[in-house]
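# Observations on the three-dimensional arrangement
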Amino acid sequence: MPEAADGALLAVRDLHAWYGESHVLHGAGFEVRQGEVVTLLGRNGAGKTTTLKSIMGMVGRRAGEIRFDGRDLVGLPSNRIARLGVAFCPEERGIFASLSVGENLLLPPQVREGGLGVAEIFELFPNLRERLSSQGTKLSGGEQQMLAIGRILRTGARLLLLDEPTEGLAPVIVQQIGAIIAKLKSRGFTILLVEQNFRFAATVADRHYVMEHGRVVDMIANDELQANVDKLHDYLGV
Amino acid sequence: MSEIFGIPTQALFGQLLIGLINGSFYALLSLGLAVIFGMLNIINFTHGAQYMMGAFCAYFLLNKLGLGYWWALLLAPVIVGATGIVIERLMLARLYQLDHLYGLLLTFGLALVIQGLFRNEFGSSGLPYNIPKALEGGRNLGFMFLPNYRAWVVVASLVVCLATWFVIEKTRLGAYLRAATENPALVQAFGINVPRMITLTYGFGVGLAALAGVMAAPIYQVNPLMGADLIIVVFAVVVIGGMGSIMGSIVTGFALGVIEGLTKVFYPEASNTVIFIIMAIVLLVRPQGLFGQR
Ligand SMILES: Nc1ncnc2c1ncn2[C@@H]1O[C@H](COP(=O)(O)OP(=O)(O)O)[C@@H](O)[C@H]1O
Ligand SMILES: [Mg+2]
C-alpha cells in the first residue's frame, strides 16, 4: 500500500462497512489529492460502490477513517457530508421520475461557493437545455447520465464521486463523458471515479486503485498502466 | 315549485350542498393521508382522532382561553400538528424500515387510545360550538338558501387543498418532497435533512386533519367519536382516488361527497353505502385507484 501523503483532499484508512450483518469492506485504504482524478477499478461485487457510499455516509454501519479536507466523515450523516463539499452520482443515476429535467437539475442545494452556473452546465450538456420540462426519466440513458452529473456541478462540491458513469452507454457518449471529466479536472474538481472499463479510465485518470473483496489491493499510476495490462486483466477478469 | 327529474330543485340543491360540505372534509382528510403516505409510507389511521382533536382544541381555546374560531383555525393545526411531531419522533420513526402493516397497527392503536381517553373525559354526546359571528346567517340564491358558514367551509377547504397541491407540485420545497418520496437516501446525500423533512410532513398532514376538525366543529358539534365514523369513509375515498396521489385525493374527495349527496336525492336507501360500492368496483377494475400509479 502506498503511504498516505500529506495534503490529500480525501484519505481513507482501514475502512470497514456493513449492510446489516454482512461485512462488505474489510479495511480499504487509498487517497485522492486535490485536483486529481483517481479511479477505483475492480470486478463486480469488489466493493467499489460501497466505498463511494461509505464516503457519502449512505451505508448503515462503517468504521475506520475517512478524512476529507482534514475532517473525519465517519459518524456524520450524509446530509452533513454533502454540506462539506462532497457530491455523489450514483450508479443507477438516481433521476427522479416525479421531477422534470429542470427540477432534477436544480434539486441539489448549493452547499458552497464556486459551483458551475446553469449556463455553464448547458454548455457542457447542450441536450439538457431543450428537455428542461420533460419528465426526468423520459431522457435517454446517456442524457440521464449527463443530468446526473450536471446536477451535482452546481452545488459547489469540490470532490465528485462518480459511480460507473459510462456503464451501458454507446461509445460516442462514453467519449463525451471522458471529455467532460477532463474539463472538470481542468476546472479544479477532484474526482473519484468507479470504473470497470479500464481503457476508458486510462483516458481520464491520474492514478488507479484496484479493489478485490472489499480491500484495495494495488495502485497503478496512469503512465504505468500499459506495462501492467496483463496484471489488470487478471484483476478484472477480462 | 320547480322540479328536475321530478325532484324539487330546493331538495336537489340542498343535498348537493351537503355533498359538497362532506366532500370538503373528505378532500382535506384524504389529502393529509396522501401527503403522509407519500413521505412516511405509513397509513395514518390516527387521522380521524387527530381531526377530532382539532375540534376539541377549538373548543378548549374558546372555553378556557376565550380565543374564538379564527384563532382556533390558526392555532389548532399548530398545536395538534405538534402532538403529531412528538408521535412521529417517539414512535413512527422506529417503523420506517418495516412493512406498512406495522405503521397501520400502531396508528390504529393510537386512534383507539386517544378516542377512548376523550370519551372517558367528555362522554359521547357532542359539545356545542357556535358558528363565528361573521359567518352567521345566509343568503337566498333564488333556487336555494345558502348558509354563509357552509359556503365558507367549501371555499376554504378548496383553497387549502389547492394551495397544498401547488406547493407540492410546483415549488422547490415540493420538489424536495417528491424526490424524497422516491429516493430519500439520495436526497439526503444532496445535503437535505430528510429525517426532519419527514417529521415536518407528518406534522403538516396532522395539522390538515386538525384544520378540518375546527371547520367541522360548528357543523357537527365537538364529539370524541366524530372522527371514528368519518375516517372509515375517508379511507374508502383514499382507496378510490389512489393512495398517495395529491390531486387524486382532492378531486375524489369532492366528487364522492357530491355523489353521496345526489344518491340521497335519487335513491336514499343507498346513500350510506354508495361510496363503498364504488370502492369495491374500483378495487376490482383498477386496484391502484383512479389516480394511482403502478
Ligand atoms: N444493499 C446491499 N445489501 C447487502 N449486500 C449488498 C448491498 N449492496 C451490495 N452488497 C454486497 O456488497 C458487496 C459489494 O458490492 P458493491 O459495493 O456494490 O460492489 P461493486 O460496486 O464493486 O460492484 C457485494 O458482495 C454485494 O453483493
Ligand atoms: Mg457498483
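What counts and what doesn't
Residues numbered from 1 in each chain as written. Chains lettered and ligands numbered in written order. Predicted model: local features only at pLDDT ≥ 70, side-chain atom pairs only at ≥ 80, totals over all residues. Heavy atoms only, no water. Donors = N, O, S within 2.8 Å, 3.2 Å for Na, K, Ca; no water. Helix = DSSP H or I, 4+ residues; strand = E, 2+ residues; numbered from the N terminus. Buried < 20%, exposed > 50% of the residue type's maximum accessible area, 1.4 Å probe, protein only. pLDDT = per-residue confidence, 0-100. Salt bridge = Lys/Arg side-chain N within 4 Å of Asp/Glu carboxyl O. Core = buried A, V, L, I, M, F, W, Y, C linked by side-chain atoms within 4.5 Å. Domains from an automatic or database assignment. Contact = heavy atoms within 4.5 Å. Axes fitted to C-alpha atoms, helices over the stretch in contact; angles between N-to-C directions. Parallel < 35°, antiparallel > 145°, perpendicular 65-115°, else oblique. Left-handed = near helix turned anticlockwise from the far one by under 90°. Nonpolar A, V, L, I, M, F, W, Y, C, P; charged D, E, K, R; others polar. Polar contact = N/O pair within 3.5 Å; in protein donor to acceptor, adjacent residues only side chain to side chain. Near = heavy atom within 4 Å. Areas by Shrake-Rupley, 256 points an atom, 1.4 Å probe, with all protein chains shown as cover.

## With respect to the coordination of the magnesium ion (ligand 2)
Residues and elements named next belong to chain A. Within the protein, the magnesium ion (ligand 2) binds to Thr 49 (OG1) and Glu 91 (OE); these donor distances fall in the range 2.0 to 2.5 Å. Taken together, the positions of Thr 49 in helix H1 (residues 48–56) and Glu 91 in the loop between strand S6 (86–89) and helix H3 (101–106) put the pair 42 residues apart, joining distant regions of the chain. Residue Glu 91 is classed as partly exposed on the basis of its relative accessible area, which comes to 24%.

## Topic: the confidence of the model for chain B
Taken as a whole, chain B shows an average pLDDT of 92; of its residues, 99% reach a score of 70 or greater. Reported confidences for the modelled complex are a pTM of 0.89 and an ipTM of 0.93.

## A few points about the pattern of salt bridges
All names here are of chain A. Across all of its chains, the model carries 13 salt bridges over all chains by this definition. The partner of Glu 143 in a salt bridge is Arg 131, and the shortest N-O contact between them spans 3.4 Å. One end of the pair, Glu 143, is in helix H6 (residues 141–153); the other, Arg 131, is in the loop between helix H5 (126–130) and H6, with 12 residues separating them in the sequence. A salt bridge links Lys 185 to Asp 206; its shortest N-O distance comes to 2.8 Å. Of this pair, Lys 185 sits in helix H7 (residues 171–186) while Asp 206 sits in the loop between helix H8 (198–204) and strand S9 (207–212); the two residues are 21 residues apart in sequence, bridging distant segments of the chain. Judged by relative accessible area, which is 26%, Asp 206 ranks as partly exposed. Connected through salt bridges with shared partners, the residues Glu 31, Arg 33, Glu 36 and Arg 207 form a single ionic network.

## Quick notes on the nonpolar core
Residues A:Leu10, A:Phe30, A:Ile55, A:Leu153, A:Leu160, A:Leu192 and B:Phe25 are the most contacted members of the largest nonpolar core, which totals 162 residues. For this core, the domains that each give at least three residues are domain 1 (38–97 + 176–223) and domain 2 (227–294) of chain B. Sequence-distant contacts of A:Ile55, that is, excluding residues within four places in its chain, are made with A:Leu10, A:Val12, A:Phe30, A:Ile66, A:Leu73, A:Ile81, A:Val86, A:Leu161 and A:Leu192. Listed in part, the 10 residues of the second largest apolar core include A:Leu41, A:Val229, A:Leu232 and A:Tyr235.

## Brief notes about the packing of helix H2 (residues 47–65) of chain B against helix H3 (residues 69–90) of chain B
For any two helices packed against each other, the geometry is given by the interaxial angle and the distance between the axes. Residue and element names in this part refer to chain B. Look at H2 against H3: their axes get within 9 Å of each other, and the N-to-C directions meet at 130 degrees. The orientation of H2 with respect to H3, classified from their angle, is oblique. Once H2 is placed against H3, the crossing between them reads as right-handed. When H2 is examined against H3, the residues Gln 50, Met 53, Gly 54, Cys 57, Ala 58 and Leu 61 are found in contact with a partner set consisting of Ala 72, Leu 75, Ala 76, Ile 79, Val 80, Thr 83 and Ile 87. Its residues assigned to classes, the contact of H2 with H3 comprises 10 nonpolar, 3 polar and no charged.

## Some thoughts on helix H6 (residues 172–182) of chain B
Since the α-helix turns once every 3.6 residues, residues separated by three or four places project in the same direction. Every buried residue belonging to H6(B) is among B:Gly174, B:Ala175, B:Tyr176, B:Leu177, B:Arg178, B:Ala179 and B:Ala180, and all of these are buried. Against the buried residues of H6(B) lie H3 of chain A together with helix H1 (9–40), helix H5 (148–170), helix H7 (184–189) and helix H8 (194–220) of chain B. Capping the start of H6(B) is the job of one residue whose side-chain oxygen sits 3.1 Å from the backbone nitrogen of B:Gly174: B:Thr171.

## Description of the site of ligand 1
Residue and element names in this part refer to chain A. Around ligand 1, the structure places Tyr 19, Val 24, Arg 43, Asn 44, Gly 45, Ala 46, Gly 47, Lys 48, Thr 49 and Thr 50. Taking Ala 46, its main chain carries an N or O atom lying 3.2 Å from an oxygen atom of ligand 1. At 2.9 Å, a backbone N or O of Gly 47 approaches an oxygen atom of ligand 1. In isolation ligand 1 has 550 Å² of accessible area, and contact with the protein removes 58% of it. Looking at the shell around ligand 1, the element that brings in the most residues is H1, giving 3 residues. Looking at the shell around ligand 1, its residues break down into 3 nonpolar, 5 polar and 2 charged.

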